[in-house]
Amino acid sequence: MVINITENAKMQIQEMMKEEDAETVRLRFGVKGGGCSGLSYSLGFDYDVNEELDHTEESNGIPLTIQKFDIDVIQGTTIDFKQNMMGGGFTIDNPNAIVSCGCGSSFKAKEREGTPENC
């Protein structure tokens, strides 16, 4: 399994999926260039799977799609959802990140540095 989804994240994702076509929607998680440290996480819903480019799996009952190219920098990542007095949000714990920015959504990995942007 590439990605671990906690119980709190699962409940939040399932709630969000109610607004989508639950029969075919998948959570798409990946990496894109940018952010303070060079790479940023991408998290959203998708209906399409490219068999050549995408890896699919299920994590804690959530159907998941990941670009094969991103697996080396996100292998073992845990997606959680935390609620506090200021609201709630997803948190990403990536064991492959060698540098993370303060916001927690930008990182640098040994295998890929990306292109940092101004914060």
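Rules and cut-offs
Residues numbered from 1 in each chain as written. Predicted model: local features only at pLDDT ≥ 70, side-chain atom pairs only at ≥ 80, totals over all residues. Heavy atoms only, no water. Helix = DSSP H or I, 4+ residues; strand = E, 2+ residues; numbered from the N terminus. Buried < 20%, exposed > 50% of the residue type's maximum accessible area, 1.4 Å probe, protein only. Contact = heavy atoms within 4.5 Å. Areas by Shrake-Rupley, 256 points an atom, 1.4 Å probe, with all protein chains shown as cover. Polar contact = N/O pair within 3.5 Å; in protein donor to acceptor, adjacent residues only side chain to side chain. Pairing = 2+ DSSP bridges. Axes fitted to C-alpha atoms, helices over the stretch in contact; angles between N-to-C directions. Arc of directions from axis to C-beta. Salt bridge = Lys/Arg side-chain N within 4 Å of Asp/Glu carboxyl O.

(A) How the structure looks around the overall build of the chain. Looking only at helices and strands, one finds two helices and nine strands in the chain. Of the regular secondary structure in the chain, the N- to C-terminal order runs β-α-β-β-β-β-α-β-β-β-β. Here the chain holds 119 residues, and the buried ones make up 37% of them. Pairs at least 24 residues apart make up 58% of the contacts formed inside the chain by residues separated by at least 6 positions. In the structure as shown, the chain presents an accessible area of about 7,000 Å², 47% of it carried by carbon and sulfur atoms.

(B) Representation of the side chain of N94 in the model. Its location among the elements puts N94 in the loop between β7 (87-93) and β8 (97-100). For N94, a relative accessible area of 7% corresponds to the buried category. A polar contact of 3.2 Å, which involves the side chain of N94, links it to the side chain of Y41. Engagement of the side chain of N94 in a polar contact is seen with the backbone nitrogen of N96, the distance being 2.8 Å.

(C) The sheet that holds strand β1 (residues 3-5), seen in detail. The mixed open sheet is built from three strands, whose spatial order is β1-β6-β7. Edge positions in the sheet fall to β1 and β7, since each has one partner strand and no second. Strand after strand, the sheet turns through a mean of 25 degrees between neighbouring axes, direction not considered. Of the strand pairs in this sheet, β1 and strand β6 (residues 77-84) are connected by three bridges, and their pairing is parallel.

(D) Geometry of the side chain of D54. Its place among the elements puts D54 in strand β4 (residues 54-59). The exposure class of D54 is buried, given its relative accessible area of 7%. Here R28 takes part through its side chain, which lies 2.8 Å from a polar atom of the side chain of D54.

(E) Local environment of helix α1 (residues 7-17). Residues A9, K10, I13 and M17 constitute the buried set of α1. Relative to the axis of α1, the buried residues are bounded by an arc of 100 degrees and lie together on one face. For α1, the secondary structure elements touched by its buried residues are β1, β2 (26-33), β3 (39-46), β5 (62-67), β6 and β7.

(F) Molecular detail of the pattern of salt bridges. Inspection of the entire model under this criterion finds four salt bridges. When the shortest N-O distance is used, the salt bridge between D46 and R28 registers 2.6 Å. Highlighted residues: D46 in strand β3 and R28 in strand β2, separated in sequence by 18 residues. The pair formed by D46 and R28 is uniform in burial state, with each residue classed as buried. R28 is paired through a salt bridge with D54; the nearest N and O atoms lie 2.8 Å apart.

Limitation: the analysis is restricted to geometry and does not speak to function.
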